[in-house]
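A look at the structure
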Amino acid sequence: MKAPPFGYVKARELGQVFDLLDQHGDEAKILAGGQSLIPSLNLRLSRPTLLIDINAIADLQGIRETAETIVVGALATHVALEKSPIISRYVPLVAAAMPHIAHPAIRNRGTIGGSLAFADPAAELPACATALEATFILRGRSAERRVKAAGFFHGLFETDLRPGEILAAIEFPKATASHRFAFSELARRHGDYAMIGLAAASPQPGTLRLAYFGVADRPVAADRAAACLVKDGAAGIEAACACLAEDLEPSGDLNAGPQTKLHLAGVLLQRALPSLLTSA
Amino acid sequence: MEQHDINVIVNGQKLRRRVSARQHLIDFLRNELSLTGSHLGCEHGVCGACTIQVNGTAVRGCLMLAVQADGASVDTIEGLSDSGAIADLQDAFHKHNALQCGFCTPGMLATAAELVEQHPNADREEIRAHISGNYCRCTGYHAIVDAIATVLDARRKAAGGSGA
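Definitions and limits used
Residues numbered from 1 in each chain as written. Chains lettered and ligands numbered in written order. Predicted model: local features only at pLDDT ≥ 70, side-chain atom pairs only at ≥ 80, totals over all residues. Heavy atoms only, no water. Buried < 20%, exposed > 50% of the residue type's maximum accessible area, 1.4 Å probe, protein only. Helix = DSSP H or I, 4+ residues; strand = E, 2+ residues; numbered from the N terminus. Pairing = 2+ DSSP bridges. Axes fitted to C-alpha atoms, helices over the stretch in contact; angles between N-to-C directions. Parallel < 35°, antiparallel > 145°, perpendicular 65-115°, else oblique. Left-handed = near helix turned anticlockwise from the far one by under 90°. Contact = heavy atoms within 4.5 Å. Domains from an automatic or database assignment. Buried area = accessible area lost by both parts, 1.4 Å probe. Nonpolar A, V, L, I, M, F, W, Y, C, P; charged D, E, K, R; others polar.

Turning our eyes to something else, we now look at the pairing of strand β3 (residues 51–54) of chain B. Residue and element names in this part refer to chain B. Side chains of β3 alternate between two faces, with T51 and Q53 and I52 and V54 buried alike. Here β3 runs beside strand β4 (residues 57–60); their pairing, made up of four bridges, is antiparallel. Paired with V54 across the bridge in β4 is T57. Counted along the chain from β3 to the antiparallel partner β4, the turn is two residues long, and its residue N55 has a positive phi close to 50 degrees.

Residues and elements named next belong to chain B. Interhelical geometry of helix α3 (residues 87–95) versus helix α6 (residues 141–158) gives an angle of 140 degrees and a closest axis separation of 8 Å. Judged on the interaxial angle alone, α6 and α3 are oblique. The hand of the α3/α6 crossing is right-handed. Between α3, through D88, L89, A92 and F93, and α6, the contact on the second element is made entirely by I144, A147, I148, V151 and R155.

Residue and element names in this part refer to chain B. In this structure, strand β1 (residues 3–10) lies alongside strand β2 (residues 13–20), joined through eight bridges in antiparallel fashion. The residue bridging N7 from the neighbouring strand is R16, located in β2. Adjacent in sequence and paired antiparallel, β1 and β2 are bridged by two residues, among which N11 carries a positive phi angle near 50 degrees.

We now examine the domain arrangement of chain B. Residues and elements named next belong to chain B. Per the domain assignment, the segments of chain B are domain 1 (3–79) and domain 2 (84–161). Here domain 1 and domain 2 have C-alpha centroids that lie 22 Å from each other. Domain 1 puts 16 residues into the contact, and the matching count from domain 2 is 14 residues. Summing both sides of the interface, domain 1 and domain 2 together bury roughly 1100 Å²; the carbon and sulfur share of this comes to 56%. Those elements that place two or more of their residues in the side of domain 1 that touches domain 2 are β3 and β4. For the side of domain 1 that touches domain 2, the class distribution of residues is seven nonpolar, eight polar and one charged.

So, in structure tokens, the structure goes:
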């Protein structure tokens, strides 16, 4: 199907984006990579009157390193993250997730900011950001807010972004030598949205965050299961799998019912275990 | 309907055209420029039939607006074919019977062209992962993987490398 009619502006700077957002409110949509927005227009699930193309805005680009963090501009494409030596060294969970995100032609244009702001609960990056406790940098005309991943995802396609704000960058803590991580998902075709997936990170021994995706209206941190593994290591796996029933209340979908998803959550956890518990 | 002027290089030729904001790049190529080699399938990014190259990388023609191609260089199957850049891939597809109805073939070739350029050491599993976004409804995947693997092998030998 073809997209309905809309206006289009290629914004040159953030100030122009804020002006347009003020003028058009909810009727305007931000266009970054377009790999989720354009399908939703083509399917007429979304009918904005204006698309604000932000691809030319230099402030939103680039991957840079600070003393303790890696700051990724919202416009960094999936393929840029996939090929970045900085990401593979300091944010290896994201590097591991990349090949699972859609297909090469889509990764060439899709952006990290677009994926996170779209907040599809079956998508990989929101779960990675949750597992890594990433910080979202939200820019408004006069102020900047920093929101942790746990507070950013509010529900199905809903985030903490307020009217007039845009997601400018995402800040990840830098992995150190003791960092352990695992990424795993089950999809019917490589690159499709997962039936269920797990992004897990242990920044140092004694800490572990398990973020499941494809199970609810947002990424879900399985904290009880993580506590079992932190306490008992590999010996805690059975207890951890049992805890998943409390941590997750999977909703069924076309792929699988709640019980099947719960079972698969345990399968993914067992697969992830060796990477998470390997000692340095 | 809101109109925009764009400057775009299509298959090496500089063009200036007026396009509607809502027009997809693939429709611009097919309907305005009569470059009908690239096909249009699902129109929401799933099937890969419309895969073309923009600034040298594979993209979905149905997930990009024509207005976004302003300033870009676009190559369709016609351009890739005429330049000879994928002659070995086309030959291998033919030899391995890697096409039946041919509907998916232009998109497959645009995707495969990127793979052989960027991942010269790809193995069969990597080839499969790379073309996973392109549907072939004639069940031709095995032959398609064979064809791409043959080209990678031949290019490695021609480059005098040790292979993978």
